[in-house]
Amino acid sequence: MNALVIGGGGREHALAWKIAQSPLIEKVFCAPGNPGIDRLEKGESIALSVDDFEIQAEFIAARDVGLTVVGPEAPLAAGVVDYLSERGRTVFGPSAAAARLEGSKAFAKAFMARHDIPTAAYAEFVEPEAAMAFVQEKGAPIVVKADGLAAGKGVSVCADVDAALTAIRAMMVDRVFGDAGAKIVIEECLVGEEASILAFCDGRTTMPMASSQDHKRVNDGDQGPNTGGMGAYSPAPVVTAAVMREIEERILRPVVAGMAREDTPYTGILYAGLMITEQGPKVIEFNVRFGDPETQVVLPRMRGDIVPLLLACCNGALEGHEIDYEDNACVTVVMASGGYPGPYEKGKEIAGIDAAEADSDVIVFHAGTRQEGDRLLTSGGRVLNVTACDPDIRSAIDKAYGAVRKITFDDAHYRTDIGRRALARLDV
Ligand code: AMP
Ligand code: GLY
C-alpha cells in the first residue's frame, strides 16, 4: 500500500524517511512535502493543501493510500482525522475533540486538574484587568500563555511583574495572536530541566518513545526569543529509567485513561513537554503530534518498522507491540535563515548537502527548502535539520557540527551548543 504524510517540514521528512523503510509501503506521498522527501527513493511531494480535507480524501481514494499520518497541529485541531475516518480512511492522529489538549491550554490545564496529573498551578482569565491584578498579587517569576494556538509563540516566561503585564496587554488587548489570546492562562514558573516524551497511543494503551530534549531559544546559552526549536538530541539523560516510569504512571497513562473516560479517546502521538523538577516530572504543555525537531532525533534511533505501530494506533491494537532503540545518541542541529524567528529573506542557494551526507551516520532533513531547476533554495525560517547518530552523545554532536560546517547558504544561523546539557551531565 501507499502512505500519505500531511505537512512539509523537517518532521514530515523524518516521518516519510522512516515510513519509506517499511516493506509494507510502496510509496510515501507527502502533501505538500519538500525537495528532501522527493529525494527519497519511495518519496513524492504532491501539491495538496494541508487544510483542504476534501482534496486529501480524493487523493487517498485515487492513489491506494492505506495510511495517512498528520504532521502539524492545525489540521488536527480543524478535524482532519474526524473527516477522513468518517470516510473510512485509516488516519494517524487525534480527533479534533482530543486535539484540544494542544489547541486550548485552558482545556489542558482543567483536564490535568480533573485527573490529578502533575503540572504548574494556574488560573485562567478572559478579562485583562483581572489577569493583571492576579499577576500583581502573585509576583514574578510567572508565566503568561495565550489559550489558543499561536505557532509556538504564545508563551511568555516573565522574570518580573512588568514583563507579565506587558505580555497580558499584548495578548488580551492588542490581540497579537488574534483570538488565541481572548483567554489566557497564568501559571507558576517551574524550575528544573526540560524534556520531551512522545508516546504512541491507541485510545487505551500508551507506549513512550525514547526521550529527547529540544532547544527552543534562538541563540547559544538559551538566549533570545523562542523559536519552533533550534536543535534536539536523544536520549535526554535527565530522563532516567526511574523518571520514565514516573512519567508513564503519573502522566501518560492517566491522560489516556482520562480521555477515554471523557469519551474523547486519544489516538496518535501524545507529546508531553515536561519539566523534570525536584518534585518529579510536571507537564509544561501537551502537543498532539510528533515534535519538531524531536522526531528528527528519535526516529533515526528507532529499530524496526514504524508502520505496524502506526496502524496499531489507528486500530486500537497497540497492546503487545514493542519498540526498540539503538543504544546510541542522535543530535540534530537546525540551520535557520538569518533573522528567524523574526523576518528573514528567502531564496538563498544551499550547497554542500551531498558532502555532509557522505558520512553514512549523517542525515540532512529538509525543513524549509525549495527546488528551482537544479538549484536548492531556502524557503523558510528553519531550513535544514542536520542530524547525526553515533555511539555516544559527544561524538554525535561532533559529527553533526562537522556536517553543518560543510553546508552553506547566505546568512545561515545555527546554535553551536546543541546537546550541551547532556554533555554537562557527562562531566559531573
Ligand atoms: P510551550 O509553548 O508551552 O512549550 O512553552 C514554551 C517554553 O516556555 C517551554 O519550553 C518552557 O521553556 C517555557 N515554559 C512554559 N511554561 C512554563 C512554566 N510553567 N514554567 C517554566 N517555564 C515554562
Ligand atoms: N519542538 C517543539 C514542538 O514540536 O512543538
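Scroll up to find the structure.
All of these numbers come straight from a predicted model, not from anything done at the bench. Numbers given to residues run from 1 along each chain, matching the order in which its sequence is written. Whichever chain is written first is A, and whichever ligand is written first is 1; the rest continue in order. Totals for whole chains, interfaces and linings use every residue, but because this is a predicted model, local features are given only for residues with pLDDT of at least 70 and side-chain atom pairs only at 80 or more, for both listing and counting. Each side-chain value is worked out from all heavy atoms of the structure, with water and hydrogens disregarded.

Sorry, what's going on with the overall build of the protein chain here?
In this description a helix means any DSSP run of H or I spanning at least four residues, a strand means any run of E spanning at least two, and both kinds are numbered starting from the N terminus. Within the protein chain one finds 15 helices and 23 strands. A globule of 428 residues ought to have a C-alpha radius of gyration of about 22 Å, and the protein chain, at 21 Å, matches this closely. C-alpha extents for the protein chain along the principal axes are approximately 60 × 45 × 45 Å. Split into buried and exposed, the 428 residues of the protein chain put 58% on the buried side. In these tables, accessible area is a Shrake-Rupley quantity obtained with a 1.4 Å probe, and a residue counts as shielded only by the protein chains included in the view. In the form shown here, the protein chain has an accessible surface area of approximately 17,000 Å², with 48% of it arising from carbon and sulfur atoms. For this measure, only C-alpha atoms enter the radius of gyration; the expected value for a globule follows 2.2 Å times N^0.38, where N is the number of residues. Accessible area is worked out with a 1.4 Å probe on protein chains only. A residue is then buried under 20% of its type maximum, exposed over 50%, and partly exposed in between.

When you look at the sheet that holds strand β17 (residues 280-287) in this model, what are you seeing that I'm missing?
Two strands in a sheet stick together by hydrogen bonds in their backbones, pointing the same way (parallel) or opposite ways (antiparallel). Two strands form a pair only when DSSP identifies at least two bridges running between them. Taken in spatial order, the 4 strands make up an open sheet running β11-β10-β16-β17, and their pairing is antiparallel. Of all strands in the sheet, those bounded by a partner on one side alone are β11 (206-208) and β17. Each adjacent strand pair in this sheet contributes to an overall mean axis angle of 35°, direction not counted. The sheet contact formed by strand β10 (residues 193-202) and strand β16 (residues 267-277) spans 10 bridges and is antiparallel. Bridging from a neighbouring strand, Glu193 pairs with Ile276 of β16. For this analysis, residues touch if any pair of their heavy atoms sits within 4.5 Å. Note on method: axes are straight lines fitted to C-alpha atoms, helices fitted across the in-contact stretch only, with angles between N-to-C directions ranging 0 to 180 degrees. The sheet strands contacting helix α10 (residues 241-261) are β10, β11, β16 and β17, and the helix crosses β17 at an angle near 45°.

Teacher, can you tell me more about the site of ligand 2 here?
Any residue with a heavy atom lying within 4 Å of a molecule or strand is counted as near it. Neighbouring residues of ligand 2: Asp214, Gly228, Tyr271, Asn287, Arg289, Gly291, Asp292, Pro293 and Glu294. The definition of a polar contact used here is a pair of N or O atoms within 3.5 Å, where within protein one atom must be able to donate a hydrogen and the other to accept one, and adjacent residues in sequence count solely through side-chain atom pairs. The separation between a nitrogen atom of ligand 2 and a polar main-chain atom of Asp292 is 2.9 Å. Contact between ligand 2 and Glu294: a nitrogen atom at 2.8 Å from a side-chain N or O atom of the residue. In isolation ligand 2 exposes 200 Å². Once the protein is present, 89% of that is buried. Note on residue categories: nonpolar means Ala, Val, Leu, Ile, Met, Phe, Trp, Tyr, Cys or Pro, charged means Asp, Glu, Lys or Arg, and polar means any other residue, Gly included. Looking at the shell around ligand 2, its residues break down into 2 nonpolar, 3 polar and 4 charged.

Explain the side chain of Ser212 to me, please; I cannot follow it from the model alone.
With respect to the helices and strands, Ser212 occurs in the loop between β11 and β12 (213-214). For Ser212, a relative accessible area of 0% puts it in the buried group.

Would you mind showing me how to read helix α1 (residues 10-20) here?
Think of an α-helix as 3.6 residues a turn; residues three or four steps apart then line up on the same face. Of all 11 residues making up α1, 11 are buried, and the element is well covered by its neighbours. Taken together, the buried positions of α1 are occupied by Gly10, Arg11, Glu12, His13, Ala14, Leu15, Ala16, Trp17, Lys18, Ile19 and Ala20.

Looking at this structure, how should I read the site of ligand 1?
Close to ligand 1 lie 15 residues, the nearest being Glu187, Glu188, Leu190, Glu194 and Glu285. With respect to ligand 1, the backbone of Glu188 contributes an N or O atom lying 2.9 Å from a nitrogen atom. If ligand 1 stood free it would expose 470 Å²; the protein chains cover 92% of that surface. Mapped by element, the contributors of at least two residues to the shell around ligand 1 are β7 (142-146), β8 (155-158), β9 (184-188) and β17. A class-by-class count of the residues in the shell around ligand 1 yields 8 nonpolar, no polar and 7 charged.

Would you explain the packing of helix α8 (residues 128-138) against helix α9 (residues 161-173) in this entry?
Two quantities define a packed helix pair, namely the angle between the axes and the distance from one axis to the other. Direction vectors running N to C along α8 and α9 enclose 165°, while the axes themselves pass 10 Å from each other. It follows that α8 is roughly antiparallel to α9 by the angle criterion. Helix-helix and strand crossings are classified by hand; for α8 and α9 the assignment is right-handed. Residues Pro128, Ala131, Met132, Val135 and Gln136 of α8 pack against Val161, Ala164, Leu165, Ile168, Arg169, Met172 and Val173 of α9. Among the residues making up the contact of α8 with α9, the classes are represented as 10 nonpolar, 1 polar and 1 charged. An angle below 35 degrees is treated as roughly parallel, one above 145 as roughly antiparallel, one from 65 to 115 as roughly perpendicular, and anything else as oblique. For any helix crossing, the convention is left-handed if the near helix is rotated counterclockwise from the far helix by under a right angle, and right-handed if that rotation is clockwise.

What exactly am I supposed to notice about the packing of aromatic side chains here?
Each aromatic ring pair is specified by the distance between its two centres and by the angle formed by the two planes. Here a Phe, Tyr or Trp ring, Trp counted by its six-membered ring, pairs with any other such ring whose centre lies within 6.5 Å, and the pair is stacked when the planes are under 30 degrees apart, edge-to-face when over 60, and tilted otherwise. With the rule as written, the count across this model stands at 9 aromatic pairs. Taken together, a centroid distance of 6.0 Å and an interplanar angle of 55° make the contact between Phe53 and Tyr83 tilted. Taken together, the residues Phe53 in helix α3 (residues 53-62) and Tyr83 in helix α5 (residues 80-86) connect sequence positions 30 residues apart. The buried category is assigned to Phe53, whose relative accessible area is 11%. Look at Phe107 and Phe111: their rings are 6.4 Å apart centre to centre, the planes differ by 20°, and that puts the pair in the stacked class.

Hey, could you run me through the environment of Ala133 in this one?
Here Ala133 lies in helix α8. Separated by 32 residues in sequence, Ala133 and Leu165 place their C-alpha atoms 9.3 Å apart.

Looking at this structure, I do not really get unusual backbone geometry. What am I missing?
For residues that are not glycine, phi is negative in most cases, and the peptide bond is trans in most cases. Between Ala31 and Pro32 the backbone carries a cis peptide bond, its omega angle lying at 0°. Counting through the fold element by element, Pro32 comes out in strand β2 (residues 27-32). The linkage connecting Ala140 with the following residue, Pro141, adopts the cis geometry, with an omega of -5°. If you trace the backbone, Pro141 turns up in the loop between α8 and β7. A positive phi angle is found at Asp116, which is not glycine, with a value near 55°. One can find Asp116 in the loop between α7 (105-114) and β6 (122-125).

That's the geometry; what it means functionally is another story.
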